[in-house]
Amino acid sequence: LYNIFRKLIREQRGESILTLPILMLIICMVMYMGVDILGIYSAHQKLRTAASETLTLMKMENGWDSNTEVFFEQLIAKTGLSPANVTVTATPKGVQRGDTITLTASTNYEVRSLKPLNRTIIVPVEIEISGLAQEFKR
Amino acid sequence: MKTIWALLGILFISILIMDIGTVYVTYDKIAGVTEQSLDSAIIAGVRPSDARIGETFVDKASAVNAATTVFRNNLKLNAALENSIMKNTSFIVSIINNADKPYVQGEVSTVVTALSPKLFGLNGIPIRVRKNQFQVSSYK
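Given the structure is predicted, the values throughout are model-derived calculations rather than measurements.

Colleague: Could you clarify how one ought to interpret the overall build of chain B in this entry?
Modeller: Of the regular secondary structure elements, chain B holds three helices and three strands. In sequence order, the secondary structure elements of chain B are arranged as α-α-α-β-β-β. A globule of 140 residues ought to have a C-alpha radius of gyration of about 14 Å, yet chain B, at 20 Å, is considerably larger. A buried classification covers 36% of the 140 residues belonging to chain B. When contacts within chain B are restricted to residue pairs at least 6 apart in sequence, those whose partners lie at least 24 apart make up 58%. A total of about 8,100 Å² of accessible surface is found on chain B, and carbon and sulfur atoms cover 61% of it. Within chain B, the 10 negative side-chain charges are centred at a point lying 6 Å from the centre of the 14 positive side-chain charges.

Colleague: Got a minute to help me understand the sheet that holds strand S1 (residues 87-90) of chain A in this structure?
Modeller: By way of backbone hydrogen bonds, the strands of a sheet pair with one another, either parallel or antiparallel. All names here are of chain A. Within the open sheet, the three strands sit side by side as S1-S2-S3. Their pairing is antiparallel. Strands with a single pairing partner mark the edges of an open sheet, and in this sheet they are S1 and strand S3 (122-132). For this sheet, the mean inter-axis angle between neighbouring strands, taken without regard to orientation, is 15°. Sheet strands in contact with helix H2 (residues 19-61) are S1, strand S2 (100-110) and S3, and its direction is about 25° off that of S3.

Colleague: Sorry if this is basic, but what is going on with a nonpolar patch on the surface here?
Modeller: On the surface, B:Phe12, B:Leu119, B:Phe120 and B:Leu122 cluster together to form a nonpolar patch covering roughly 490 Å² of accessible area. By the secondary structure assignment, B:Phe12 is in helix H1 (residues 2-45).

Colleague: Got a minute to help me understand unusual backbone geometry in this structure?
Modeller: Within the chain, A:Asn62 stands out as a residue other than glycine whose phi angle is a positive 60°. Residue A:Asn62 is classed as buried on the basis of its relative accessible area of 0%. In the Ramachandran plot, B:Asn88 falls in the positive-phi region, its phi being about 55° despite a non-glycine side chain. By the element assignment, B:Asn88 lies in strand S1 (residues 86-96). Take B:Asn88: its relative accessible area is 60%, and that puts it in the exposed class.

Colleague: Would you explain the packing of H2(A) against helix H3 (residues 66-79) of chain A in this entry?
Modeller: A pair of packed helices is characterised by two quantities: the angle between their axes and the separation of those axes. Residue and element names in this part refer to chain A. Axis separation between H2 and H3 bottoms out at 10 Å; the angle between their running directions is 155°. Our classification of the angle between H2 and H3 gives roughly antiparallel. Handedness of the crossing formed by H2 with H3: right-handed. Residues Lys-46, Leu-47, Ala-50, Ala-51, Glu-53, Thr-54, Leu-57, Met-58 and Glu-61 of H2 pack against Thr-68, Phe-71, Phe-72, Leu-75, Ile-76 and Thr-79 of H3. Of the residues in the contact of H2 with H3, the class split is nine nonpolar, three polar and three charged.

What counts and what doesn't
- Residues numbered from 1 in each chain as written.
- Chains lettered and ligands numbered in written order.
- Predicted model: local features only at pLDDT ≥ 70, side-chain atom pairs only at ≥ 80, totals over all residues.
- Heavy atoms only, no water.
- Helix = DSSP H or I, 4+ residues; strand = E, 2+ residues; numbered from the N terminus.
- Rg over C-alpha atoms; globule rule 2.2 N^0.38 Å.
- Buried < 20%, exposed > 50% of the residue type's maximum accessible area, 1.4 Å probe, protein only.
- Contact = heavy atoms within 4.5 Å.
- Areas by Shrake-Rupley, 256 points an atom, 1.4 Å probe, with all protein chains shown as cover.
- Lys, Arg positive; Asp, Glu negative; His and termini not counted.
- Charge placed at Lys NZ, Arg CZ, Asp CG, Glu CD.
- Pairing = 2+ DSSP bridges.
- Axes fitted to C-alpha atoms, helices over the stretch in contact; angles between N-to-C directions.
- Patch = residues over 30% accessible without salt bridge, like charges linked within 9 Å, V, L, I, M, F, W, Y side chains within 5 Å.
- Salt bridge = Lys/Arg side-chain N within 4 Å of Asp/Glu carboxyl O.
- Parallel < 35°, antiparallel > 145°, perpendicular 65-115°, else oblique.
- Left-handed = near helix turned anticlockwise from the far one by under 90°.
- Nonpolar A, V, L, I, M, F, W, Y, C, P; charged D, E, K, R; others polar.

Now the structure itself:
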């Protein structure tokens, strides 16, 4: 296997002056796309962490109200996303113990690697998690 | 010739990176969702009347039912616990009702669909996640 690799590197057939620039271009594109994929993943992860923490609070309080919203926005701001770009829908307060509560959060991610081509693609990032309410109401 | 080999190599490496990423993300997701569903297993399994008198008994049937429902909803799986990435999934919830520290254990085993194992004739990469959730009772 080592000899095959060495032959490939040393070989000069089919080599032109354009080989290196083309290789560089391809590698740059792949790496640039990798940056964006990581960005989308990290936005996803931040949203998921904040949503899951908030769901724990919602489970204890049987739902979503303005205090929970403040808590969620603070968590979002701490992770580095802007709370203005995040839209949330959640089950409001007033459910009984054992009922399902759902939290849906979504934001948009702008793809940066296509900016040199003067084009913007916006990828929606959405999270939905659910759990059961905890507090027993008489 | 060299360029084509390099392209092939880059393709192969990116497939490998993609597969590792898929497995890691799926593992991470399953771990978080399992935690939430075990939590709801305890909520559904403990009766409020029992909890008030300090009884730490978890009803198995309703706990398993609730955990499976939450697990399925959160990962958007169908009735056979499958989606486009996770195949052949099993979600086993067991309740350990010992006297002082009762806990619920969830074990998920699934096969993550990936490209690179197909070269060797396999369907995907099998992973297994196990989580314990202790029952927190605040009775004094």
